[in-house]
Amino acid sequence: MAIKNIEIVKTEILSDNWYTLKKLTYQYTKPDGTIKQQSREAYDRGNGAAILLYNTTSQTVILTRQFRIPTYINGNESGMLIEACAGLLDQDSPQDCIRRETEEETGYQIKEAKKIFEAYMSPGSVTEILHFFIAEYTNNMKVSDGGGLEEEEEHIEILEINIQDALQMIDTGEIKDGKTIMLLQYIRLKNIM
């Protein structure tokens, strides 16, 4: 049941403090010809990329742990979240972004990353498309301690976890981040490890 003739009739900026929160009023035509009007809010933070580093020899993956205020205010007592490495594209391509973020956050310098899919992560309210990657890592690819950028106040802990333990952490609730669960499940479903 597709809607047709979508037209945005009004856009209000509710906030542009960190990213942009807009209130959009739009009208559309229903399949029966009726014209309806609705208002919704949309948060535009730009698009991003995420990656799961894996090592088939050691059967490990590289994840990160960092403080996330939205999880803290929604019941995560410590606010700490275990995640796959990720970041916003800014002005970079998804491939350039994920190479940059991988080195900044994990300390691993990757040459190639395989794009596996892209997805809207919260399409009811957020405009972001996330580009998903995987890449194999080895110890000789480690070029720094990682941990994020000091000027961005990133305090990222790097975790090297056995793949089976990481999958078990989904079941126990230790891993609750959607992008991380998707990447770990991809590795499992495609029998990459």
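Above this text you will find the structure in question.
J.: Pulling in residues and values, what's your account of the nonpolar core?
T.: The biggest cluster of nonpolar side chains holds 25 residues, and the ones touching the most others in it are L52, V61, L63, I134, I175, L183 and L184. In terms of residue count, the dominant contributor to this core is helix α3 (residues 163-172) (5 residues). For V61, the contacting residues outside a window of four places in its chain are L52, L53, Y54, Y137, L159, E160, I161, I163, A166, L184 and M193. Within the second largest apolar cluster, 14 residues are counted, among which are A49, I62, I98 and Y108.

J.: Can you lay out unusual backbone geometry for me, pointing to particular residues and giving the numbers?
T.: One non-glycine residue, Q59, adopts positive backbone phi at about 60°. Inspection of the secondary structure assignment puts Q59 in the loop between β4 (48-55) and β5 (60-67). We classify Q59 as partly exposed; its relative accessible area is 27%. Look at N191: it is not a glycine, yet its phi comes out positive at around 50°. Mapped onto the elements, N191 comes out in the segment after α4 (178-189). According to the relative accessible area criterion, N191 is exposed, its value standing at 64%.

J.: Tell me about α3, residues and numbers included.
T.: Here α3 has its buried residues at I163, A166, L167, M169 and I170. Here the buried residues of α3 occupy an arc of 150° about the axis, which is enough to place them on one side. Away from the buried face of α3 by more than 90 degrees, exposed residues Q164 and D171 are located. Close packing links the buried residues of α3 with β5, β6 (80-83), β10 (157-162) and α4. Where α3 begins, one side-chain oxygen reaches toward the backbone nitrogen of Q164, 2.8 Å away; that side chain belongs to N162. One or two positions beyond α3, positive phi appears at G173, with a value near 90°.

J.: Any chance you could break down the pairing of strand β3 (residues 35-44) for me, citing the residues and the numbers?
T.: Note that strand β2 (residues 20-29) and β3 share 10 bridges and pair antiparallel. Paired with Q27 across the strands is Q37, a residue of β3. Taken together, β2 and the strand that follows it, β3, pair antiparallel across an intervening segment of 5 residues, in which G33 is found at a positive phi of about 95°.

J.: Give a detailed account of the packing of α3 against α4, specifying residues and quantitative values.
T.: At a minimum axis separation of 10 Å, α3 and α4 run at an interaxial angle of 130°. With respect to their mutual orientation, α3 and α4 come out oblique. When the axes of α3 and α4 are compared, the crossing they make is left-handed. Touching I163, A166, L167 and I170 of α3 are I181, L184, Q185, I187 and R188, all from α4.

Analysis parameters
Residues numbered from 1 in each chain as written. Predicted model: local features only at pLDDT ≥ 70, side-chain atom pairs only at ≥ 80, totals over all residues. Heavy atoms only, no water. Core = buried A, V, L, I, M, F, W, Y, C linked by side-chain atoms within 4.5 Å. Buried < 20%, exposed > 50% of the residue type's maximum accessible area, 1.4 Å probe, protein only. Helix = DSSP H or I, 4+ residues; strand = E, 2+ residues; numbered from the N terminus. Contact = heavy atoms within 4.5 Å. Arc of directions from axis to C-beta. Polar contact = N/O pair within 3.5 Å; in protein donor to acceptor, adjacent residues only side chain to side chain. Pairing = 2+ DSSP bridges. Axes fitted to C-alpha atoms, helices over the stretch in contact; angles between N-to-C directions. Parallel < 35°, antiparallel > 145°, perpendicular 65-115°, else oblique. Left-handed = near helix turned anticlockwise from the far one by under 90°.

Purely spatial values, then, with no claim about function.
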